[in-house]
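# Residue-level structural notes
Chain by chain, the residues:
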Amino acid sequence: MLVSSTARSRSLALGILTLLWLGTALIVPRIAVESASSAIPVPGKLQTDLNMQAELREVGDGHDASAPGFQELQANLLAQYDVTRLEDLPVNFRGVVSQVAEADLTEVMNRHAEERMALEAGQARVAASFGWLSPVAAVAAGSRALSGTDLATHHRFLREAEVVRFDFVQGLNRVHAEQLPYSDDINRNIDAEAANRVRMSAENWNVLDAFSFQPAATGARLSRAGTPVAMLFAWLLMLTAIGIVAARRMQP
């Protein structure tokens, strides 16, 4: 009878441990992802692109200096330099249009990107909070933070890369506006010689080689991993307490 009771107790304990493992290691992490998506919905790429394209149409095509949206810019430049023809401007009007359009386009794209990154960061916080219910979720969040592969690092990379991209493109536009004569620019397709005159030097692309993304400092990574580590410490204390209680009950 005693053997049968002991066997039932062990079977019950094994069943409870199995359910605990299934819940904390498999079920809760999945619930965390679904809960984050439900609590803070992020628009799909198609919807985001459509919203952004609607705003970009108002900005105008920087490759078409004759577009209606740039007529006011043309009038202002002619008045500023007191000339009547684009050929008489000290800058290439088409290059100036490229600079203005790129700045406006970047402002729209960055605003949409920041909105999306804010939503993604909110989702990550919701998912990470489930570390109190699952050590697996806590370990995942902590390891990503410590290794510098978390969402915050990804977003920082995107921002830094965008700064480099914008500076690079505006550098080319600046060369276009200040070093490329307007008369050569509008006649670039007459013949091969005309095309060669407006070709930019490959040295303008060297700025891209200088970009080097640096991982966050150790202190910053430790700070971001603080909450997951606290979750794991709480789990450790709880499991230790359960182990002590179980050991005392097993004593004769």
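In the block above lies the structure referred to throughout.
These figures come from a predicted structure and were not determined experimentally.

Further remarks concern the nonpolar core. Within the largest apolar cluster, 14 residues are counted, with the highest numbers of intra-cluster contacts made by Phe 70, Leu 77, Leu 86, Leu 89, Phe 93, Val 96 and Val 97. Broken down by secondary-structure element, the contributors of at least two residues to this core are helix H3 (71-81) and helix H4 (93-129). Broken down by element, the residue count for this core peaks at four residues, all from H4.

Before going further, it helps to spend a moment on the packing of aromatic side chains. Counted under the stated rule, the structure contains three aromatic pairs. Plain terms: the ring middles of Phe 157 and Phe 211 are 6.2 Å apart, the flat faces sit at 50° to each other, and that makes the pair tilted. Of the two residues, Phe 157 is situated in helix H6 (residues 151-179) and Phe 211 in the loop between helix H8 (192-197) and helix H9 (218-224); the sequence distance between them amounts to 54 residues. When the centroid spacing of 5.8 Å and the interplanar angle of 65° are considered together, the rings of Phe 168 and Trp 205 count as edge-to-face. One end of the pair, Phe 168, is in helix H6; the other, Trp 205, is in the loop between H8 and H9, and 37 residues separate them in sequence. Three or more aromatic residues joined by ring pairs form one cluster here, namely Phe 157, Phe 211 and Phe 213.

If you trace the backbone, Ala 177 turns up in helix H6. The spatial distance from the C-alpha of Ala 177 to the C-alpha of Ile 27 is 59 Å, given a sequence separation of 150 residues.

Although it is not a glycine, Asp 82 sits at a positive phi angle of roughly 55°. Accessibility expressed as a relative area gives 70% for Asp 82, which makes it exposed.

Glancing now at the pattern of salt bridges. Two side chains of opposite charge can pair, provided their charged atoms sit close to one another. Counted under the stated rule, the structure contains 13 salt bridges. Between Glu 107 and Arg 111 there is a salt bridge, with the nearest N and O atoms lying 3.3 Å from each other. Linking Glu 107 with Arg 111, this pair stays in helix H4, spanning four residues, or about one helical turn. Given the relative accessible area of 31%, Arg 111 is considered partly exposed. Arg 188 is paired through a salt bridge with Asp 185; the nearest N and O atoms lie 2.5 Å apart. One salt-bridge network, in which partners are shared between bridges, spans Glu 55, Glu 107 and Arg 111.

Rules of the game
- Residues numbered from 1 in each chain as written.
- Predicted model: local features only at pLDDT ≥ 70, side-chain atom pairs only at ≥ 80, totals over all residues.
- Heavy atoms only, no water.
- Core = buried A, V, L, I, M, F, W, Y, C linked by side-chain atoms within 4.5 Å.
- Buried < 20%, exposed > 50% of the residue type's maximum accessible area, 1.4 Å probe, protein only.
- Helix = DSSP H or I, 4+ residues; strand = E, 2+ residues; numbered from the N terminus.
- Phe/Tyr/Trp six-rings, centres within 6.5 Å; stacked < 30°, edge-to-face > 60°.
- Salt bridge = Lys/Arg side-chain N within 4 Å of Asp/Glu carboxyl O.

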